[in-house]
Amino acid sequence: MDPLHALQAAWIANVLSPIVGGRPGLICGSSGLGAIAIRYCVMNYGQEYVCYAVVLSGLCQVLFGALRIGKYLRLLPPGITIGMVNALCLLLVALQLRYFKEFPSGSVSPSHAIVMSVEALVAIVICFYMPRFIQLVPSSLVAILVLTVSNWAIQKSTDWDAPTVGIFHSSYTLPSLFEWKTLMAVAPTGLSLSMISLLETMVAINVSDKYTGTDSEQDRVFYGQGVANLASGLMGGMVGSGSAHSSLHGLRVGGVTSTSVFFAGIYMLMAIVFAYPAVAMIPLGATLGVTLYLFLVMIQWAPMVALVLKCVPSSCLVGKPHLLKMRLATPDLFSTFATSIFALCASTYALAGYVAGVFCYVCDPIGHGECQYIFCWIDLS
C-alpha cells in the first residue's frame, strides 16, 4: 500500500481527536500493529476493502466510547495485553523481513539484500545510541533522515541502487458495499482493527497519565479516536491510534495541551501537501531498521524469564528475592502465552487472542498473581 494511506491516518487523528474528544498531549499516529490485520484483508480479498474495514473500526470505537465501557479495559488481565503485544511485534518483524525475499515489483537481488542489511544496521545503531546524547529529536526520525539524505547523495554520484518506499503504489475502485464478499472481508478486519487501536491507545493513555500524574477520561478518548478513524476510512487512510513514544516525547518538551496535538496534525498535513515526494525516497532498509529497533524495545522478555523460573524449584531460589519476584502465577503465564499463540495462528489476530486469553484467565480467577512487568520498555524518567 502507498505510504500516503498511513500519513492520512496520522494527520486526521491528530486534528480531529482534540476537537471531538481526546486527552491533552496524546499524540496519535498510524497504527503499526494495525497494518498486520490490514495485510490479512489485502492478501485475501484486496486493497479496495481496507477503507470499509477502517470505517467499521471507527464505528466500533465510537460505540465503545458512547456506551462508556472504557473503564472495563482496566480490568483486563495484564498477561493478555502483554501476550497480544508480543505476538503482534513478532508478526510485524516477519512482515518486514519478507522484503529480503521479494518486492511488490519483483524479486530481490543479493545486492539489494546487502544494501538493506547495511542500512538497517545503521538505523538500529542510531536509534539505540543517539538518545544518550540528544533527546530533543526522536532517534527514529533522525535515522530515517540520515539514511534518506545519504542514499540520495550516493545515487546522484554513483550507480548505487537501493530500494525505496517509492516502489509501493496502488490504485483501486471501491467494491459494492452490499455483497457477501464485502461482509466477509470487512467484518473480521474491522473488528480486529478496533481492538488493536483500543489496545495501543490504552497504552498511550496509561503512559501519559503516569508521566503527568493525572487521570484521563478513557471513554472520551476512545470516542474521539473512533471519529478520527471513521473520517480516515472515508478519506482512504489507514487506522490510527494513540502513540506512547510520540506522546511521551511531546510531554517531555512541553506539549501538554490539546492545541499542541492539533498543530502536530497540521504540520503533518503540510508535510503531505508540500513534501510528500520526499517520502518516496526513504530507503526500505531504514524502515526495516526502525522496525527492528521497535521490536527490541517493545517485546516483553519478562514472561519468557518467568516461564523458565517457573520450572525451577523454589528451593533453588532461596536467598534470591529478585528472582522470586519475577515468578508469576500459572494463570498469568498461561494467559500470556495462550494469547500469543492464538494471535499468531488466527486470522483475526486481536479478537482470537483476547478471547483465548480471557478464557484461560477466568479458569482460575482467584489464584492469579500481579503482573508488574507490563510495558517495561517505556522509560518515564
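On a predicted model such as this, the values are computed, not experimentally measured, just so you know.

1. What about the packing of helix H3 (residues 50-66) against helix H7 (residues 180-212)?
Next up, step 1: Across the interface, H3 lies against H7 with an axial gap of 7 Å and an inter-helix angle of 50°. When the axis of H3 is compared with that of H7, the two are oblique. Between H3 and H7 lies a crossing of right-handed hand. Of the residues in H7, those in contact with Tyr 52, Ala 53, Val 54, Leu 56, Ser 57, Cys 60, Gln 61 and Phe 64 of H3 are Thr 182, Val 186, Ala 187, Thr 189, Gly 190, Leu 191, Leu 193, Ser 194, Ser 197 and Leu 198.
Next up, step 2: Here the contact of H3 with H7 is composed, by residue class, of eleven nonpolar, seven polar and no charged.

2. Let's talk about the nonpolar core
Next up, step 1: Of all hydrophobic cores here, the largest spans 20 residues; its most connected members are Ile 36, Ile 38, Tyr 49, Val 186 and Leu 193.
Next up, step 2: Within the residue set of this core, elements represented by two or more residues are helix H2 (34-44), H3, helix H4 (78-97) and H7.
Next up, step 3: Sort the elements by how many residues they give to this core and H3 lands first, with five residues.
Next up, step 4: If you look at the next biggest cluster of nonpolar residues, it comprises 19 residues, including Val 93, Ala 286, Val 290 and Met 298.

3. Quick notes on the packing of helix H1 (residues 4-20) against helix H10 (residues 258-279)
Next up, step 1: For the pair H1 and H10, interaxial distance at closest approach is 7 Å and the crossing angle is 160°. With respect to H10, the element H1 is oriented roughly antiparallel. Both H1 and H10 take part in a crossing whose hand is left-handed. Contacts from Leu 4, Leu 7, Gln 8, Ala 10, Trp 11, Asn 14, Val 15, Pro 18 and Ile 19 in H1 reach Ser 258, Val 261, Phe 262, Gly 265, Ile 266, Met 268, Leu 269, Ile 272, Tyr 276 and Val 279 in H10.
Next up, step 2: The class makeup of the residues in the contact of H1 with H10 is 15 nonpolar, four polar and no charged.

About the thresholds
Residues numbered from 1 in each chain as written. Predicted model: local features only at pLDDT ≥ 70, side-chain atom pairs only at ≥ 80, totals over all residues. Heavy atoms only, no water. Axes fitted to C-alpha atoms, helices over the stretch in contact; angles between N-to-C directions. Helix = DSSP H or I, 4+ residues; strand = E, 2+ residues; numbered from the N terminus. Parallel < 35°, antiparallel > 145°, perpendicular 65-115°, else oblique. Left-handed = near helix turned anticlockwise from the far one by under 90°. Contact = heavy atoms within 4.5 Å. Nonpolar A, V, L, I, M, F, W, Y, C, P; charged D, E, K, R; others polar. Core = buried A, V, L, I, M, F, W, Y, C linked by side-chain atoms within 4.5 Å. Buried < 20%, exposed > 50% of the residue type's maximum accessible area, 1.4 Å probe, protein only.

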